[in-house]
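Coordinate analysis (summary)
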Amino acid sequence: MDIGYLDIVVAPWGSLRKCCVRRENFNYLSGKIDFRSRLLILTLIFFLIVPFLLSAQSFKPENPIQFKIKNAGITVDGLISDWEVMVDFDPKKLTQSSIRGKANPESIQTGIKLRDKHLHGREYFHIEKFSFISLESKSFRSKGKNAFIGIFELQIRGVKREIEIPFTLSQTGKQQMFKGEFTIDRLDYGLGEKSLVLSDEVRVVVEF
Amino acid sequence: MKIKEWLSRLPLWLYGCMLLPLLAFGLSKQDASYFSFSDIPRIWTDEAMKDWELPNSNPEYSAQPVSEEFYYNLPERVIYKTYPVYHPDHEPEGYWEWLHEQEAEIVLDESKLLTEEDYIKAGELLFDYPIDTLGAVISTKHVRNIDFYTATEMPLTPEGIMPFAQWVVAGKGKVYLGNLSCAMCHTRVMDDGSLLKGAQGNWPGDKAFAFALETDGASERAIQNITSFLFASPFAEGDPHGKLLAAGKEAILEAYRAVPEGAFGRQGTSILFPPQAPNLIGVKDRKYLDHGGLGQHRNIEDMMRYISMNQALDFLNFYGDYNPIGLTKERLNSGEPIFFPGTYDRHSDAQLYALAKYIYSLSPPKNPNKPSELSESGKIIFAEQGCVTCHTPPLFTNNKLTPTDGFEVPDAHYDKYDIFGISVGTDPGYTMKTRRGTGYYKVPSLLGLWYRGPFLHDASLANLEDLFDSARLKDDYVPTAFKPHDVKTKAVKGHEFGMELNEMDKKALIAYLLTL
């Protein structure tokens, strides 16, 4: 399912194009900027955008998001397979780096179809009303070689909370591989209710 | 005079000391708590009755009960001594004649109920007490006919007692067969012949009723009328009960005969979608009553309301402008008594309180199925398969209501009731097409499965093994317990869990379930 993340990628194009059009309109109306100047502006814009696009492509990772939760003493493994991530991460420029992810809770799988359907319902992800889960970085700090800690805003069911996620980066050439693990309290996000058998804590593993 | 003078000279603190024993031991006996009539709740108030029940699945036809004024104008029931009903071959010699020599004996004096134990004891008496002597289901001539027992495969105790009805002696020579006690549907004759009160009963009530109608030579019209009183819900989509009535006498009798023991077409329910007789043991912990969760169960008052309503006062309900026994609102409120079983008198609030206390006191018998290696592996499978989500220990129910297929949960219900927002796909008939239908089924507790059966809300499966048999999902399946009278085969759909387990795991899971 298309979860609309591309809009976020396309948005800068759109806004810049509007900007260009406004400039061009201005040119045509005033007639004060010559062809060379216009070419220069466009070239500048091109070189400003391209690096951003190259480093911040949205893509669908091969690995699903994994989660684990204890139910009656048994660990239930679940997956969310439909998700996208947009990465602009430079270990040397942490303040300018960003990671954003967006997942579709409808793609949740726990091995029991009826349970998945229940998780779609209003007691859990309420997908009719809240069609996505999002994760957006706020800041990063280094925690040793290839190890980092990110502060992210996690949004589930419309509830936004800041969480800390330790993650590692392994880089081969231009290819970056991230792996992070974190734990959330499902009740913080209104996922179900207090239960005698179902743990509040959910362990989440994200790899891309 | 001297004593008075001496007393007046005693210091005040000494008087305080005299009160200490009271503070230490309380004002009542240590092993008994005392009640006064002011403790007995007044249950049928207009305010309380407004939203105690859930709306019908078709909310325009939600039940409108009789008013507080009407209810409390009904006379209170007098509880006479009752006597056991024997199979004719087991009746002690001279018993019948002896019964006719007995005087009426009133056995319940509310003014003597003081302690919790008193109320529980009185509650047991009321549990066994029939509220009808007009022959609502069966009458004297049926139970004194040997064929009755053969035709219905009536369970008996080793003494030959048929425990589902009692003789009521209302005066010398006035011996009536009493119907419609709680015990009628909630008593089980166990395999060893012992009685288990409060369990899913095994009274073959609908077979017994078919026998009574047939041997009495009831006319088609009479059979249609009584069946309409009991089950008609003309506002239900497709009006299945109307179709049954139109199908005629034989079809109706067949429909009664098709209901197995362990299920019973109680008024407002159905013989087309018969409800499994509920297990009352442990009911104090359940939040909804009836398979459709019709009655909320938030406190003892709710239980008392349910008992009163269920003991036939729902015949006086209006569903829109429809009343099951053909009353108009003018007739209902005319002040004239309505002589229909269970509707012309009522239990007092104290009697209902006693009954509820007794029902709350019911405890399960000792389970012969001890935990074993097999059942312990079944316990793990129970968790792995996610059974715990709905059948959550320790009650083995999450006490929630699941919407049936075709019922859209109104938004307001999520705040008002305990909703588990998915259907497990079981037959929607009972909850969508009866007067008691709410659009939901409550999640049943699995406690006491070892002494219960048949299973599922419509009692369609005789054994737990059948539940995990994927063959039941096919149209050529022959249900092992309830099968509608007009079909040879029928898929038993829904609750499709554990079907892909291998045979060993199924055995382990069942072994675990039987230990609960």
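Rules behind the numbers
Residues numbered from 1 in each chain as written. Chains lettered and ligands numbered in written order. Predicted model: local features only at pLDDT ≥ 70, side-chain atom pairs only at ≥ 80, totals over all residues. Heavy atoms only, no water. Helix = DSSP H or I, 4+ residues; strand = E, 2+ residues; numbered from the N terminus. Contact = heavy atoms within 4.5 Å. Areas by Shrake-Rupley, 256 points an atom, 1.4 Å probe, with all protein chains shown as cover. pLDDT = per-residue confidence, 0-100. Pairing = 2+ DSSP bridges. Axes fitted to C-alpha atoms, helices over the stretch in contact; angles between N-to-C directions. Parallel < 35°, antiparallel > 145°, perpendicular 65-115°, else oblique. Nonpolar A, V, L, I, M, F, W, Y, C, P; charged D, E, K, R; others polar. Buried area = accessible area lost by both parts, 1.4 Å probe. Salt bridge = Lys/Arg side-chain N within 4 Å of Asp/Glu carboxyl O. Buried < 20%, exposed > 50% of the residue type's maximum accessible area, 1.4 Å probe, protein only. Core = buried A, V, L, I, M, F, W, Y, C linked by side-chain atoms within 4.5 Å.

1. Considerations on the overall build of chain A
From N to C terminus, chain A includes three helices and eleven strands. When the helices and strands of chain A are read in sequence order from the N terminus, they spell out α-α-β-β-β-β-β-β-α-β-β-β-β-β. A fraction of 52% describes how many contacts in chain A between residues 6 or more apart in sequence connect residues 24 or more apart. Summed over its atoms, the accessible surface of chain A is roughly 12,600 Å², and 56% of this surface lies on carbon and sulfur atoms.

2. Digging into the confidence of the model for chain A
All names here are of chain A. Here chain A averages 81 in pLDDT, and 73% of its residues register 70 or above. Averaged pLDDT values for the elements of chain A fall to 35 in helix α1 (residues 6-30) and rise to 97 in strand β8 (residues 147-156). The low-confidence segment residues 1-31, where pLDDT is below 50, has 37 contacts with residues more than four positions distant or belonging to other chains.

3. Thoughts on the pairing of strand β4 (residues 174-178) of chain B
Residues and elements named next belong to chain B. Where strand β3 (residues 161-171) meets β4, five bridges bridge the pair, whose relative direction is antiparallel. Residue pairing across strands places Val169 opposite Val175, the latter belonging to β4. Connecting β3 to the next strand, β4, in antiparallel fashion are two residues, including Gly173 with a positive phi near 85°.

4. What about the packing of helix α14 (residues 300-310) of chain B against helix α16 (residues 349-361) of chain B?
All names here are of chain B. Put simply, α14 and α16 touch, their axes get as near as 9 Å, and they point 110° apart. Relative to α16, α14 is oriented roughly perpendicular. Two secondary-structure elements touch here, α14 through Ile300, Met303, Met304, Ile307 and Ser308 and α16 through Asp349, Leu352, Tyr353, Leu355, Ala356, Lys357, Ile359 and Tyr360. Looking at side-chain class alone, the contact of α14 with α16 contains ten nonpolar, one polar and two charged residues.

5. Things to note about the sheet that holds β4(B)
Residues and elements named next belong to chain B. Strand order in the open sheet made by the three strands is β2-β3-β4, with antiparallel pairing throughout. Lying at the two open borders of the sheet, with one neighbouring strand each, are β2 (82-86) and β4. The average undirected angle you get between the axes of adjacent strands in this sheet is 40°.

6. Topic: the pairing of strand β10 (residues 175-185) of chain A
Looking at chain direction, strand β9 (residues 159-172) of chain A and β10(A) are connected through six bridges and run antiparallel. Bridge pairing in β10(A) links Thr172(A) to Gln175(A).

7. A word on the interface of chain B and chain A
Taken together, the contact pairs 20 residues of chain B with 13 residues of chain A. The junction of chain B with chain A conceals about 1,400 Å² of combined surface from both sides, 67% of it contributed by carbon and sulfur atoms. The largest contributions to the chain B side of the interface with chain A come from Ala383(B), Tyr414(B) and Ile422(B), which together make up 29% of the buried area. Our count for the chain B to chain A interface comes out at three salt bridges. Asp411(B) is paired through a salt bridge with Arg122(A); the nearest N and O atoms lie 2.5 Å apart. Mapped by element, the contributors of at least two residues to the side of chain B that touches chain A are α17 (373-384), α18 (387-390) and α19 (411-416) of chain B.

8. What to know about the side chain of Lys357(B)
Residue placement: Lys357(B) occurs in helix α16. Look at Lys357(B) and you get buried, because its relative accessible area is 15%.

9. Re unusual backbone geometry
Residues and elements named next belong to chain B. Here Pro393 and Pro394 are connected by a cis peptide whose omega angle stands at 5°. Among the secondary structure elements, Pro394 is positioned in the loop between α18 and β10 (401-403). Note that the residue after Gly453, namely Pro454, is joined by a cis bond; omega there is 0°. One can find Pro454 in the loop between β11 (440-442) and α21 (464-467). You will see that Leu180, though not glycine, has its phi angle at about 65°, which is positive.

10. Focus: the packing of helix α6 (residues 116-128) of chain B against α16(B)
All names here are of chain B. It is the contact of α6 with α16, at a shortest axis distance of 7 Å, that shows an interaxial angle of 95°. Here α6 is positioned roughly perpendicular relative to α16, judged by the angle of their axes. Contact residues: α6 offers Glu116, Tyr119, Ile120, Ala122, Gly123, Glu124, Leu126 and Phe127, while α16 offers Ala350, Gln351, Tyr353, Ala354, Leu355, Lys357, Tyr358, Ile359 and Ser361. Of the residues that constitute the contact of α6 with α16, the class distribution is eleven nonpolar, three polar and three charged.

11. Notes on helix α3 (residues 113-120) of chain A
Considered for burial, the residues of α3(A) that qualify are Arg115(A), Asp116(A), His118(A), Leu119(A) and His120(A). Looking at the buried residues of α3(A), the elements they touch are β2 (65-71), β3 (74-80) and β6 (108-109) of chain A together with α17 and α18 of chain B.

12. Topic: the sheet that holds β6(A)
A sheet is described by the order of its strands in space; here eleven strands give the open sequence β1-β4-β5-β7-β8-β9-β10-β11-β2-β3-β6 (chain A), paired in antiparallel fashion. Taken across any chain shown, the strands that pair with only one partner, and hence form the sheet edges, are β1 (58-59) and β6 of chain A.

13. Considerations on the nonpolar core
Grouped together as the largest cluster of nonpolar side chains are 105 residues, with contacts concentrated most on Ile138(B), Met162(B), Trp167(B), Trp203(B) and Ile359(B). Of all the elements, α16(B) adds the most residues to this core, at eight residues. Residues contacting Ile359(B), with those up to four places away along its chain left out, are Phe127(B), Leu280(B), Val283(B), Met303(B) and Ile307(B). The next biggest cluster of nonpolar side chains, apart from the first, holds 38 residues, and it includes Ile80(A), Tyr124(A), Ile133(A) and Phe148(A).

14. Examining α14(B)
All names here are of chain B. Counting buried positions along α14 yields ten of eleven residues, so the element is predominantly enclosed. The complete set of buried residues in α14 reads Ile300, Asp302, Met303, Met304, Arg305, Tyr306, Ile307, Ser308, Met309 and Asn310. Elements that come into contact with the buried residues of α14 comprise α3 (46-51), α4 (68-73), β7 (288-289), β8 (295-296) and α16. Backbone geometry just downstream of α14 places Ala312 in the positive-phi region, at approximately 90°.

15. Considering the environment of Ser233(B)
All names here are of chain B. Note on placement: Ser233 falls in the loop between α11 (220-231) and α12 (240-247). Sequence separation of Ser233 and Asn323 is 90 residues, and the distance between their C-alpha atoms is 9.5 Å. Once you skip the residues sitting within four places of it in the chain, Ser233 turns out to touch Asp239, His241, Lys433, Thr434 and Arg435.

16. As for the pattern of salt bridges
Close approach of charged atoms lets side chains of opposite charge pair. If you walk through the whole model with that rule in mind, you get 31 salt bridges over all chains. Between Asp188(A) and Arg161(A) there is a salt bridge, and its shortest N-O distance comes to 3.7 Å. Highlighted residues: Asp188(A) in the loop between β10 and β11 (201-207) and Arg161(A) in strand β9, separated in sequence by 27 residues. Residue Arg161(A) is classed as partly exposed on the basis of its relative accessible area, which comes to 37%. Across the pair Lys400(B) and Glu193(A) runs a salt bridge, and its minimum N-O distance is 2.8 Å. With Lys400(B) in the loop between α18 and β10 and Glu193(A) in the loop between β10 and β11, the pair connects residues from two separate chains. For Lys400(B), a relative accessible area of 10% puts it in the buried group. Within this structure, Lys60(A), Asp82(A) and Glu84(A) form a network of salt bridges that share partners.

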